[in-house]
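Structural overview for review
Residue-level listing of the chains:
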Amino acid sequence: MLKIKPIIKYLITPFGMRVANKARNYMLLRDVYSSRYKKRVLISYIKEPFRYDSFTHTSFYEATTTARIFDSLGFSVDVMHYEGRVPPLGAYDVIYGFGDVFQSYFEGGGGYAKTIYYGTGMHVCHQNTATLKRVKDVYRKKSTWLCQSARYVEKVWTHQTALVDGIIALGNDRCAATFRKHYDGPVLSCPAPFFQTLDYKQVMASRRAGARNSYLWFGSAGLIHKGLDLCLDYFYSRPELELHICGNLELEPDFVKAYHSVLFESPNIYVHGFVNVQSDIFKDILAACSFVVFPSCSEGGSPSVLTAIGNGGLIPVVSSESSITAAHGVVIEVLTSDGMADAITKTINMTDDEIKFCQIMSAELVLAENSLQNYERMLRSHIVSLLEA
């Protein structure tokens, strides 16, 4: 007889949990709204949002919003993990998203389905080159290869950015342009969404004295890719300025080892670790800063930066590769120490009135362009446009 307890004990181990999650991702979610519409769409993205809610990343909202849009357009919605088992594709009218499914579709002879690629970052050719260039920059400084802190995409899935009927690229036109370089079909840019959990005006009203000298780096995996090394190098040399860091640094131990003394022994650099955007700690950090700095080499709209702007009224100091329209912020023109110095100097030279004005205008722009409602409106418009093309 099968013994249940040993199996349960195995499944609750970290390895067992990974195996269970992989098994769940392998399976297809069929007709998630039980609509039984004749037309069918297969969304290849992530499946977790259809099992539970989360504010850890906007991808949860993006996935469920896409499904709701197709449902409202009269499609039965199937959802697969982008690396999951690809089902028979002949019955689908639309294939949407990214991942293994597009290679299977086109190499299997294709069919009559409309194919739409959803790009959550810049074109992989741009991203891979840019991220490894930044790793090489750090090697020249530290004499160690910190490839763990890049964002290198091993599965390039070229079919999905070359053969599809259309591309929806998350971010502004800077991101979309990286796809147009390699693709002659329609590329539509869609503003990245963010979660608004705070009233930025209240955060601004509680902003402490001296906040004009404080900057926030707020990011996720790929610490070199997202320019944390550039921030550390610069702020270490400017003890009169403060840098607050929010992110899971412990997931990249080689980077932490290389920058340990700067991270944990500098009196002007504060490491907060992962911070829940719905927490009082996050609100306090936003109130302590005036700027969000993000010298990333490749992004699809940078939701983390949008979160800091839209919730805290922080002024963006960002690279153009962040794919954010920084109309009232500062652009980091070159991803070097000199580029960082030039950008921060511009913020230092701003008057208090200029800072307040740019904080308000930056927040209002994000609230207008990057709200969940505007994201859904724009995504719906793009999907309809490509379906009708």
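In this report, the structure presented in the accompanying data block is examined.

What counts as what
Counting starts from 1 at the beginning of each chain's written sequence and moves along it residue by residue. Reporting of local features is limited, given that this is a predicted model, to residues whose pLDDT is at least 70; pairs of side-chain atoms are given and counted only at 80 or more, and all residues count toward the totals for whole chains, interfaces and linings. Side-chain figures throughout are based on the complete set of non-hydrogen atoms in the structure, without hydrogens or water. When DSSP finds two or more bridges between two strands, those strands count as paired. By definition, any uninterrupted DSSP run of H or I lasting at least four residues is a helix, any uninterrupted run of E lasting at least two residues is a strand, and each is numbered from the N terminus. Angles shown run from 0 to 180 degrees and are taken between the N-to-C directions of axes, each axis being a line fitted to C-alpha atoms and, for helices, limited to the stretch in contact. A contact between two residues is defined here by any heavy atoms of the two lying within 4.5 Å. All residues other than Ala, Val, Leu, Ile, Met, Phe, Trp, Tyr, Cys, Pro, Asp, Glu, Lys and Arg, Gly among them, are scored as polar; the first ten of these are nonpolar and the last four charged. Here the nonpolar core consists of buried residues drawn from Ala, Val, Leu, Ile, Met, Phe, Trp, Tyr and Cys, with membership extended through side-chain atoms lying within 4.5 Å. In this scheme, a residue with accessible area under 20% of its type's maximum is buried, one over 50% is exposed, and one in between is partly exposed, where area comes from a 1.4 Å probe on protein chains only. Whenever a carboxyl oxygen of Asp or Glu lies within 4 Å of a side-chain nitrogen of Lys or Arg, that contact is scored as a salt bridge. To pair, rings of Phe, Tyr and Trp, with the six-membered ring standing in for Trp, must have centres within 6.5 Å; the planes then decide the type, stacked if under 30 degrees apart, edge-to-face if over 60, and tilted in the middle. Two thresholds decide whether a charge sits over a ring: the Lys NZ or Arg CZ must be within 6 Å of the ring centre and within 35 degrees of the ring normal.

What the six strands build is an open sheet, ordered E9-E8-E7-E10-E11-E12; its pairing is parallel. Each of the sheet's edge strands pairs with one partner strand only, and the pair in question is strand E9 (269-273) and strand E12 (330-332). Neighbour-to-neighbour, the strand axes of this sheet turn through a mean angle of 25°, independent of strand direction. Bridge analysis of strand E11 (residues 315-319) against E12 gives three bridges, and the strand direction is parallel. Within E12, the position partnered with Val318 by the bridge is Val331. Sheet strands in contact with helix H13 (residues 303-312) are strand E7 (214-218), strand E10 (291-294) and E11, and its direction is about 170° off that of E10. Each of E7, E10, E11 and E12 is contacted by helix H14 (residues 337-348), which is oriented at about 170° to E12, the strand it contacts most.

Viewed as axis vectors pointing N to C, helix H5 (residues 124-142) and helix H9 (residues 228-236) meet at an angle of 35°, and their least axial separation amounts to 10 Å. Facing Arg134, Val138 and Lys141 of H5, the residues of H9 in contact are Asp229, Leu230 and Asp233. Among the residues forming the contact of H5 with H9, the class breakdown is two nonpolar, no polar and four charged.

In terms of nonpolar packing, the biggest core is built from 111 residues, with Tyr96, Leu232 and Leu243 touching the most fellow members. If we ignore the near neighbours within four places in the chain, the residues touching Leu243 are Tyr215, Trp217, Cys231, Leu232, Phe235, Asn268, Ile269, Tyr270 and Val293.

Let us look at the pattern of salt bridges. Tallied over the entire structure, the rule returns 16 salt bridges. Lys155 is paired through a salt bridge with Asp100; the nearest N and O atoms lie 3.3 Å apart. Taken as a pair, Lys155 in the loop between H5 and helix H6 (159-162) and Asp100 in helix H4 (residues 100-107) lie far apart in primary sequence, 55 residues in all. Overall, the relative accessible area of 39% leaves Lys155 in the partly exposed class. Two residues, Arg180 and Asp173, come together in a salt bridge whose shortest N-O distance is 2.8 Å. Linked through salt bridges whose partners overlap, the residues forming this network are Lys133, Arg134, Asp137, Arg140, Lys141, Asp229 and Asp233.

On to the packing of aromatic side chains. Tallied over the full model, the rule gives 18 aromatic pairs. For the pair Phe70 and Tyr96, a centre-to-centre distance of 5.5 Å together with 70° between the ring planes defines the contact as edge-to-face. Of the two residues, Phe70 is situated in helix H3 (residues 59-72) and Tyr96 in strand E3 (residues 94-97); the sequence distance between them amounts to 26 residues. The pair formed by Phe70 and Tyr96 is uniform in burial state, with each residue classed as buried. The structure contains a cluster of three or more aromatic residues connected by ring pairs, namely Tyr45, Phe70, Phe75, Tyr82, Tyr96, Phe98, Tyr118 and Trp157. The ring of Phe75 has Lys39 sitting right over it, with the charged end atom 4.4 Å from the ring centre.

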